[in-house]
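Observations on the three-dimensional arrangement
Each chain is listed here by its residues.
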Amino acid sequence: AKSSGRGHVKFFNNTMRKKLKTHADIENDLQHGIEHNEFELYYQPIFTIQEAQVIGFEALVRWHHPTKGFVAPNDFIPVAEDTGQIINLDLHLLDLAAQQISHWYQHGLPFTRVTVNVSSRHFASLDFVAQMHALYKKYQLPLGSLCLEITESGLIGNLELATKIIKGLAPLEVKLCLDDFGTGYSALGYLHQLPIHILKIDKSFIDHITKSHNPLIDAILSLAQSLQLDVVAEGIETEQQLAILKQTPCKFGQGFLKARPMPAKDAKNVILHGL
Ligand code: C2E
Ligand code: CA
Ligand code: CA
Ligand code: CA
């Protein structure tokens, strides 16, 4: 008994303790953060590969934590997903994005689409369609002004439900983008069954396009073409990557080379004056 007890002590090493503490901390702080408006959306431009014309933005959350300072999404989104708080957080962030769109719209800025990341768990919940309809009504959003980014796991776990949800969003002209494409199940068979509109090629593929032949990207692009999907290449960091993409049929891109995620006031300047 003694040795198994010691085994447990050893098993719970300091790193794990720290991790557990952080996990619990974040869990406690998330709800507080929503209520006290500690979350801010940054907006990263999505542009045409050929002309660098901005066609929209991806909204990316930033947490201004009262004591920890800046907390990056990768440090709290997974926790929120584990605890189920992601649904509340998603709803809060969708509300912030809708508020921003309606603000720009009312100030006469050119139409801009905002893409919001939605967790699989939230997207595949029964209330989701009604929540989106309520959001459009609350902010009088122009049709087609929202795009939702979802990863494969949210869609192929229950194809029938996902299809029903996407169809329920169709009257709002909400666009659906499959995020991080190529990193998940990579089960291509399901793609043609889903009424999605956009594929986002994961950054890990763009990282490797240093030569002119890119069989994987070419395959994704021809797949997208045959399914009539738009493609966004994410994580474009170098002129060389952009130059190579210009020689492909990939229409849209996003990445630090052209613009980092930025606060709404800077995004407004991009809407007005371009990149
Ligand atoms: P993601 O959806 O794949 O978002 C792209 C991430 O890549 C963002 O990191 C973005 O800032 C970063 N990125 C964009 N261009 C470049 C580039 O050229 N180089 C490099 N190195 N990185 C680039 P971020 O903002 O830290 O977000 C990380 C992840 O957290 C996101 O990955 C997404 O899964 C999640 N996330 C962020 N915001 C939200 C949100 O509002 N809701 C939900 N549910 N998840 C979010
Ligand atoms: Ca995304
Ligand atoms: Ca992504
Ligand atoms: Ca990613």
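Just above, that's the structure.
None of these values were measured; they are calculated from a predicted model.

Moving on to the coordination of the calcium ion (ligand 2). The calcium ion (ligand 2) binds to the protein through Glu58 (OE), Asn117 (OD1), Glu149 (OE) and Asp179 (OD), with metal-donor distances spanning 2.1 to 2.4 Å. In this structure, the calcium ion (ligand 2) lies 3.8 Å away from the calcium ion (ligand 3), the two metals sharing aspartate 179 as a donor. Taken together, the positions of glutamate 149 in strand 5 (residues 146-150) and aspartate 179 in strand 6 (residues 175-181) put the pair 30 residues apart, joining distant regions of the chain. Across the pair, aspartate 179 and glutamate 149 agree in class, each one buried.

On to the packing of aromatic side chains, then. Evaluated as defined, the whole model comprises 7 aromatic pairs. On the numbers, 5.1 Å between centres and 75 degrees between planes, the contact of tryptophan 63 with phenylalanine 76 is edge-to-face. Here the residue tryptophan 63 occupies a position in strand 2 (residues 54-65), and phenylalanine 76 occupies one in helix 3 (residues 73-83), the gap between them amounting to 13 residues. Among the aromatic residues, ring-to-ring pairing joins Phe39, Trp63 and Phe76 into one connected group. If you follow arginine 260 out to its NZ or CZ, it ends over the ring of phenylalanine 256, 3.9 Å from the centre.

Right, let's get into the site of ligand 1. In the vicinity of ligand 1, 21 residues are found, and the nearest of them are Gln44, Arg62, Asp179, Glu237 and Phe256. Separating a nitrogen atom of ligand 1 from a backbone N or O atom of valine 61 is a distance of 3.1 Å. A distance of 2.8 Å separates an oxygen atom of ligand 1 from a polar side-chain atom of arginine 62. Computed on the free molecule, ligand 1 has an accessible area of 800 Å², of which 82% lies beneath the protein chains in the complex. Broken down by secondary-structure element, the contributors of at least two residues to the shell around ligand 1 are strand 2, helix 3, helix 4 (86-106) and strand 6. It is strand 2 that provides the largest number of residues to the shell around ligand 1, a total of 4 residues.

This part takes up the coordination of the calcium ion (ligand 3). Donor atoms from the polypeptide that coordinate the calcium ion (ligand 3) comprise Asp179 (OD), Asp180 (OD), Glu234 (OE) and Glu234 (OE), at 2.3 to 2.6 Å from the metal. Taken in chain order, the donor set of the calcium ion (ligand 3) reads D-D-x53-E. Residue aspartate 180 is classed as partly exposed on the basis of its relative accessible area of 25%.

Grouped together as the largest cluster of nonpolar side chains are 79 residues, with contacts concentrated most on Phe123, Leu155 and Ile196. The element that contributes the greatest number of residues to this core is helix 4, accounting for 9 residues. Grouped together as the second largest cluster of nonpolar side chains are 6 residues, Ile46, Cys177, Ile198 and Val232 included.

Below, the discussion takes up the layout of surface pockets. Here the largest pocket defines a volume of roughly 940 Å³. Surrounding the largest pocket, 34 residues form its lining, Glu58, Leu60, Asn74, Asn117 and Asp179 being those nearest its centre. Elements that contribute at least two residues to the lining of the largest pocket include exactly strand 1 (39-48), strand 2, helix 3, helix 4, strand 4 (113-117), strand 5 and strand 6.

This next bit is on the packing of helix 4 against helix 6 (residues 128-139). Contact geometry for helix 4 and helix 6: axes closest at 10 Å, N-to-C directions at 30 degrees. Relative to helix 6, the element helix 4 lies roughly parallel. Between helix 4 and helix 6 lies a crossing whose hand is right-handed. On helix 6, the residues that touch Leu91, Leu94, Asp95, Ala98, Gln99 and Ser102 of helix 4 are Phe128, Gln131, Met132, Leu135, Lys138 and Tyr139. Taken together, the residues of the contact of helix 4 with helix 6 break down into 7 nonpolar, 3 polar and 2 charged.

Let us look at the environment of histidine 92. Note on placement: histidine 92 falls in helix 4. Looking at histidine 92, the relative accessible area reads 15%, which means it is buried. Measuring from C-alpha to C-alpha, the distance between histidine 92 and aspartate 218 comes to 38 Å, with 126 residues separating the pair along the chain. Among all residues touching histidine 92, those that are not within four sequence positions of it are Ile34, Asn37 and Phe39.

About the cut-offs
Residues numbered from 1 in each chain as written. Chains lettered and ligands numbered in written order. Predicted model: local features only at pLDDT ≥ 70, side-chain atom pairs only at ≥ 80, totals over all residues. Heavy atoms only, no water. Donors = N, O, S within 2.8 Å, 3.2 Å for Na, K, Ca; no water. Helix = DSSP H or I, 4+ residues; strand = E, 2+ residues; numbered from the N terminus. Buried < 20%, exposed > 50% of the residue type's maximum accessible area, 1.4 Å probe, protein only. Phe/Tyr/Trp six-rings, centres within 6.5 Å; stacked < 30°, edge-to-face > 60°. Lys NZ or Arg CZ within 6 Å of the ring centre and 35° of its normal. Near = heavy atom within 4 Å. Polar contact = N/O pair within 3.5 Å; in protein donor to acceptor, adjacent residues only side chain to side chain. Areas by Shrake-Rupley, 256 points an atom, 1.4 Å probe, with all protein chains shown as cover. Core = buried A, V, L, I, M, F, W, Y, C linked by side-chain atoms within 4.5 Å. 1 Å grid on protein atoms, 1.4 Å probe; cavity = no way out; pocket = protein on both sides within 12 Å on 5 of 7 lines; lining within 4 Å. Points joined across faces, edges and corners; volume = space filled by probe spheres on them. Axes fitted to C-alpha atoms, helices over the stretch in contact; angles between N-to-C directions. Parallel < 35°, antiparallel > 145°, perpendicular 65-115°, else oblique. Left-handed = near helix turned anticlockwise from the far one by under 90°. Contact = heavy atoms within 4.5 Å. Nonpolar A, V, L, I, M, F, W, Y, C, P; charged D, E, K, R; others polar.

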